[in-house]
There are 2 protein chains.
Amino acid sequence: MGYRDYQERMTKIADISYAIALLSWDQETYMPEKGAAFRAQQIATLSTIAHGLATDNELGGILTDLNKSGSHSLPEKEKRNVARSLRDYSKQKKYSSEFVERLSKTASECFQAWQKAKTENRFALFAPLLATMVDLKKQEAELLGYEAHPYNALLDQYEPGATVAALDILFKDVREQLVKFVKQIAAAPKPEDAFMYKHYPKEKQWNFGLELLKQMHYDFEAGRQDISIHPFTTSFSALDVRVTTKILEDNLKSMIWSCIHEGGHGLYEQGLPTSEYGLPSGEAISLGIHESQSRLWENNVGRCLPYWKANYERLQKLYPENLGKVTLEQFYRAMNRVEPSFIRIEADELTYHFHILVRYDVEKKLIAGKIQVKELPEYWNSRYKEYLGIDVPSDDKGVLQDIHWSHGSFGYFPTYSLGSFYAAQFYHRANMEIKGLETLIEQGNLLPLLQWLREKIHKHGKFYTAEELCTQVTGEKLNFKYFMEYAKNKYGAIYNLKKEKV
Amino acid sequence: MGYRDYQERMTKIADISYAIALLSWDQETYMPEKGAAFRAQQIATLSTIAHGLATDNELGGILTDLNKSGSHSLPEKEKRNVARSLRDYSKQKKYSSEFVERLSKTASECFQAWQKAKTENRFALFAPLLATMVDLKKQEAELLGYEAHPYNALLDQYEPGATVAALDILFKDVREQLVKFVKQIAAAPKPEDAFMYKHYPKEKQWNFGLELLKQMHYDFEAGRQDISIHPFTTSFSALDVRVTTKILEDNLKSMIWSCIHEGGHGLYEQGLPTSEYGLPSGEAISLGIHESQSRLWENNVGRCLPYWKANYERLQKLYPENLGKVTLEQFYRAMNRVEPSFIRIEADELTYHFHILVRYDVEKKLIAGKIQVKELPEYWNSRYKEYLGIDVPSDDKGVLQDIHWSHGSFGYFPTYSLGSFYAAQFYHRANMEIKGLETLIEQGNLLPLLQWLREKIHKHGKFYTAEELCTQVTGEKLNFKYFMEYAKNKYGAIYNLKKEKV
């Protein structure tokens, strides 16, 4: 009964982890402000308990035994679960509690310093603590172990199997192909999008967002949507998945595409097999694959013309004063306006990847010790000039804009780009395999696409690695050409670019 | 450092218990329906962990040592904390895990049977499982131990120190004095209250409820209000207290008085000392004292004329179509309409206690084995006839109406009456000690009353027992005469009863 014992232990750890997820969800949505300190303490206590169970020697023993005997007796899915859990267990065991505490304490101080530095636009306030954090991350890479590059150890935490070697190739493509293409776009006249920033009252936006989610077949009996400052998705089982959105009354784009984006994450979570609760086979593969689901819905579906053929008229009727005279074509072009900008989270789907490129480059160099924290602003600004052709006016709009480094999340950013590139490759395949996909989308019938994703991706949990899944679904490993092809076709048409120049 | 060790352990247990409270709050407010099964499992897992920590032998050792040495070295508050925690610990240790499991399994089955029995109005479906539950509760009383009456062991779980001997005296007063008084009222003409049941749109009710809470100085930075099927209060620290309400569009009374009632509970929770988090000195004394706070606000304040002098005009303006021609006096009389009825939770503040009287009587006899489960409907109906003068038409409006017994909550009901009686006694005292209390209320200034409650009751946590607190605050033990006096003054005036007949 070793496997059963393993499963019971994993279920218990999941119960606690999902309780932590609820404590965090509530913190971002409904918690009154004075509740913050005790909430942090409650989360810390549960985290310690979960960590204790996840690194329990008995669990280690069970996993080692199962892993040895597994090659003979266990079915493939169970075998893979054991192997993945053993890998996680072994990683967790490498952290001393003293190191975990230092990391957590530094993260807390670093976050506070970052907040202050950003508010006051003074990088110097953040630099010393960030330097400490980078040191800790280097140590973490050493204790986790790696091949070839220390950054690989950190990447692996978010995107198992990702390496500097592979990302270098990918981002070289981005640099060579996408930079050139965006320059072409920049030379063309920009679509008018001022109507996106008129006054759009909240409640109608909220209701429209819910309709979009329903159309995606987001299951409201197994999930809900709420409001938070930063949109996010979390879940407490595949049967209780929470997405949040943000509504700006002077920016229609914010709610619509955050709603579709988080909806895509949510559909992935709802599609994971409930029978595998707590096991790798019941979990998402990686951040990159998770992001592929949100971006496929947000961009490949949510920013395509057929989707808005199905939905624009309704939106127009909700806001006749703002959209009455805006044609579908104008609306479509406006939502796909490409324009270099300073802030990552406000970027269009093409220039977005230059933002990631900069961060990837910086992180890799920081962890390898090839650049120092104090040099960051200058280096950052020079990269923005090179890739985006813009002069960063101040650090709060530059190197201080993101929260990630203050949390110690090094290796996280690349998964955003991976998500888009996987999405393009998956969507390309879906388009081949689902008959008349664009017509279905035009009719507002998104079920065949969801069923395809369920079948090809969601239901497998972590059975495959990201690379295996990609090959399984599309016949080849991740290949940037699908994204580039998608970009050229779509934006070539929108911006009327000559094919040969592309 | 024994006390510090004890405090750290209690803090950890509290962290888990409050996480459970959040899981439960979410279950009642926002959880999508399919999330129920995994949620129950998550709560069970955390409960087991909390129970494990609360019955840990090391904790027992620390408590025993501190309790021995405490009489010399510890300050009084710390000494009492240790004594109370040791008492709780010793009680918890009496339960075998096998017994806990049987209790929990029976409760779950019994609850399902009750739901079905109530829906189908068939007591026979509930009876066998209720009989099993009663047997278990008898066993529980035996294993906990008691003096004089087994029911005392169960009462003690909700109202430490409460006994059959004391309650018998109290409920004898209720029977002798209140039954007679209500008969007098029944003979008088009833106030018109049809306007309470007109159409009252939701959103205005919601906003009005929030205003009432703000007026009570319920701290919305340390709490919030949401909607649930059954209104309740819970907290995750004194700095994060959640109340819920229920809005019926065809019954104005439901929202208003549930809102004030839960607000009273919420103010107690917000008034507990945050520095005592996790310790008895940071917890409410008992269910009876908790209920005294909700009922003092709901009835003594929320159903008095000065309160509505401050608030009626605003309400009237919200609903001119329903209340435009209703005078303050008419509104006041309508909210205090006394009328025997079948359903406890819909009862007025006087006949309410007859409902409790019946339940107390039944529980005591069941646990003592003086009545059998199968005899319940007949016995129940005969009691309703005697105290309320009404013929119960069917078991779903009679013995099947409450959820409590299906959960195994025997000994809980009496705390509702205790709450009202404590409230009357506390309020009587407040009226003596706060200069011009009624005038202040009339001005909508509820702060002096809240400050009085904070100072006299809230801030002490469990430092005093209920009996000690009552004596400390009012100069004497709980005495039914304060409630009776309040009832006679108020309803004598409303119903124009002759003083001497009373």
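Sequence order sets the numbering: in each chain, residues are counted from 1 along the sequence as written. Just so you know, chain letters begin at A and ligand numbers begin at 1, following the order they were written in. Per-residue local features are limited, in this predicted model, to residues with pLDDT of at least 70; the limit for side-chain atom pairs, both in listing and counting, is 80 or more; totals at the level of whole chains, interfaces and linings are taken over all residues.

A few points about the overall build of chain A
Now for step 1: Within chain A, the secondary structure is distributed over 22 helices and three strands.
Now for step 2: Computation of the radius of gyration draws on C-alpha atoms alone. For the globule rule, the value is 2.2 Å times the number of residues to the power 0.38. Rg of the C-alpha trace for chain A: 23 Å, near the compact-globule value of 23 Å for 502 residues, within the 12% margin.
Now for step 3: C-alpha atoms of chain A, sized along the principal axes, occupy 65 × 50 × 50 Å.
Now for step 4: Buried, partly exposed and exposed are defined by the number of other C-beta atoms within 10 Å of a residue's own C-beta, namely 20 or more, between the two limits, and 12 or fewer respectively, with C-beta atoms placed from the backbone. The proportion of buried residues among the 502 residues of chain A is 43%.
Now for step 5: The long-range fraction of contacts in chain A, counting pairs at least 24 apart against all pairs at least 6 apart in sequence, stands at 70%. Under the scheme used here, helices are H or I runs from DSSP no shorter than 4 residues and strands are E runs no shorter than 2 residues, and both carry numbers assigned from the N terminus. By definition, residues are in contact whenever their C-beta atoms, placed on the basis of the backbone, come within 7 Å of each other.

Structural notes on the packing of helix α6 (residues 123–144) of chain B against helix α7 (residues 150–158) of chain B
Residue and element names in this part refer to chain B.
Now for step 1: At a minimum axis distance of 8 Å, the contact between α6 and α7 shows a crossing angle of 85°. The orientation of α6 relative to α7 falls into the category roughly perpendicular. Residues Lys-137, Lys-138, Ala-141 and Leu-144 of α6 form the contact with α7, whose participating residues are Pro-150, Ala-153 and Leu-154. Here, axes are lines fitted to C-alpha atoms. For helices the fit covers the stretch in contact, and angles between N-to-C directions go from 0 to 180 degrees. Roughly parallel here means an angle under 35 degrees, roughly antiparallel means over 145, roughly perpendicular means 65 to 115, and every remaining angle is called oblique.

Looking at the relation of the copies chain B and chain A
The two chain copies are connected by a rotation around an axis plus a translation along it.
Now for step 1: A residue counts toward the fit only if its pLDDT is at least 70 in both copies, and the copies are then superposed by least squares on the C-alpha atoms of those residues. Mapping chain B onto chain A calls for a rotation angle of 180° and an axial translation of 0.0 Å; the resulting RMSD is 0.0 Å. The transformation relating the two chain copies, once decomposed into turn and shift, fits a two-fold axis. In terms of proximity to the rotation axis, the leading residue of chain B is B:Ala19, whose C-alpha is 3.5 Å off the axis.
Now for step 2: Taken as a fraction of all interface residues of chain B, those also at the interface in chain A reach 100%, which identifies the copy contact as same-surface.

Notes on the domain arrangement of chain A
Residue and element names in this part refer to chain A.
Now for step 1: These domain limits were set by an automatic method or by a database of domain assignments. Taken domain by domain, chain A comprises domain 1 (2–93) and domain 2 (194–339 + 415–494).
Now for step 2: For domain 1 and domain 2, the distance between their C-alpha centres works out to 29 Å.
Now for step 3: Mapped onto the side of domain 1 that touches domain 2, the elements with two or more residues apiece are α1 (2–29) and α4 (76–93).
Now for step 4: With 12 residues, the single largest contributor to the side of domain 1 that touches domain 2 is α1.
Now for step 5: Each residue is assigned to one class: nonpolar for Ala, Val, Leu, Ile, Met, Phe, Trp, Tyr, Cys and Pro, charged for Asp, Glu, Lys and Arg, and polar for all the others, Gly among them. Of the residues assigned to the side of domain 1 that touches domain 2, the class counts are seven nonpolar, six polar and four charged.

A closer look at the nonpolar core
Now for step 1: The term nonpolar core refers to a group of buried residues, namely Ala, Val, Leu, Ile, Met, Phe, Trp, Tyr and Cys, whose C-beta atoms join them within 7 Å. Ranked by size, the top nonpolar core spans 256 residues in total, and within it A:Ala19 and B:Ala19 carry the most contacts.
Now for step 2: With sequence-adjacent residues up to four places away left out, B:Ala19 is seen in contact with A:Ala19, A:Leu23, A:Gln42, A:Leu46 and B:Leu46.

Some points on the interface of chain B and chain A
Now for step 1: Counting residues at the interface gives 31 residues for chain B and 31 residues for chain A.
Now for step 2: Secondary-structure elements contributing two or more residues to the side of chain B that touches chain A are α1 (2–29), α2 (36–54) and β1 (223–227) of chain B.
Now for step 3: Tallying contributions element by element places α1(B) first for the side of chain B that touches chain A, with eight residues.
Now for step 4: Within the side of chain B that touches chain A, the residues separate by chemical class into 16 nonpolar, six polar and nine charged.

Examining the environment of A:His290
All names here are of chain A.
Now for step 1: Mapped onto the fold, His-290 is located in helix α11 (residues 287–301).
Now for step 2: Looking at His-290, the number of C-beta atoms within 10 Å reads 21, which means it is buried.
Now for step 3: Separated by 129 residues in sequence, His-290 and Gly-419 have C-alpha atoms that sit 7.1 Å apart.
Now for step 4: For His-290, the residues in contact, after removing those within four places along its chain, are His-265, Tyr-268 and Ala-284.

Regarding the sheet that holds strand β3 (residues 241–245) of chain B
Hydrogen bonds between backbone atoms are what pair the strands of a sheet, whose relative direction is either parallel or antiparallel.
All names here are of chain B.
Now for step 1: If DSSP finds at least two bridges between two strands, the strands pair. Pairing is mixed across the open sheet formed by three strands, whose spatial order is β1-β3-β2. Lying at the two open borders of the sheet, with one neighbouring strand each, are β1 and β2 (233–235). Sheet twist, expressed as the mean angle between neighbouring strand axes with direction ignored, is 25°.
Now for step 2: In this sheet, β3 lies alongside β1 in parallel orientation, the contact comprising five bridges. The residue bridging Asp-226 from the neighbouring strand is Thr-244, located in β3.
Now for step 3: Where α1 meets the sheet, it contacts β1, β2 and β3, and its direction lies at approximately 145° from that of β2.

Concerning the environment of B:Lys172
Now for step 1: Looking at the secondary structure, you find B:Lys172 in helix α8 (residues 164–187).
Now for step 2: Along the primary structure B:Lys172 and B:Pro448 are separated by 276 residues, whereas in three dimensions their C-alpha atoms are 35 Å apart.

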